[in-house]
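So the chains spell out like this:
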Amino acid sequence: MKKNLSLAALLAAIVVSVTIAACDLGNGRLRYSVQVNNQAAGLTIANTDTVELYILNLEYSEDANNRGLILIADGDRTHRGRILNNAGWYSVKSDLAVTNDVNNGSYSGFQIRIGQLRVNETEYDFPVDGNQGHGVMFGYPTNIWGSSWDIYPDNFSGITMTDSVYSLKTILTVEPEILDGNGNLADDPYQYIKIEGRINE
């Protein structure tokens, strides 16, 4: 049974920072550390509040090829002959490192799949998203990704990776409208998540 949330928790925005530190770029490999941070917008979330997302898939979608810059996967992505299986709850207490290759080029789409939102001990189940539960796309993915995705064009503005990039910070902002006035998850929670990729060169 859902607990009642404070008004501050209902109206506050949640910022999820996925911090990516570059490592050994000469070999085309980056090391990622993932952390979820809370940040208020308008009213303040109390220091004792804990906000978490159960992230199943998180990846940038390359424009020219059907391949992604994978950050998080639920045992459903193979990279360099191994299965990436680091799905789970991400919060301010999380710090998880993974490695991946980066392909230079434009990434106008972003795939995301979330299982749940948790505020303190109250859990909210995300609906089975998209077609067959493979996630949704943010931004403007190219035709190479097919037409079976639910797409949210205004939720991601794209990035371009080059040899000079040494770090990439991905920020997921969850808008307060993701919870309605009765403390329930919105019918379409993905519309209230925005993603920004910040590149350091």
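The structure displayed is predicted, hence computed values, not measured ones. (Residues numbered from 1 in each chain as written. Predicted model: local features only at pLDDT ≥ 70, side-chain atom pairs only at ≥ 80, totals over all residues. Heavy atoms only, no water.)

Quick look at the environment of alanine 186 now. Inspection of the secondary structure assignment puts alanine 186 in the loop between strand S16 (167-174) and strand S17 (193-200). A relative accessible area of 13% places alanine 186 in the buried class. In this structure alanine 186 touches Glu177, Ile178 and Tyr192, once residues within four positions along its chain are discounted. (Helix = DSSP H or I, 4+ residues; strand = E, 2+ residues; numbered from the N terminus. Buried < 20%, exposed > 50% of the residue type's maximum accessible area, 1.4 Å probe, protein only. Contact = heavy atoms within 4.5 Å.)

Among the nonpolar cores identified, the biggest contains 35 residues, and Tyr60, Ile112, Leu117, Phe138, Ile178, Tyr190 and Ile193 are the most heavily contacted of them. Secondary-structure elements contributing two or more residues to this core are strand S4 (51-61), strand S5 (68-72), strand S11 (109-119), strand S13 (136-139), strand S15 (159-161), S16 and S17. (Core = buried A, V, L, I, M, F, W, Y, C linked by side-chain atoms within 4.5 Å.)

Here threonine 160 shows up in strand S15. For the pair formed by threonine 160 and asparagine 103, sequence separation is 57 residues and the distance between their alpha carbons is 9.9 Å. Beyond its immediate sequence surroundings of up to four residues, threonine 160 is in contact with Gly105, Ser106, Val165 and Ile199.

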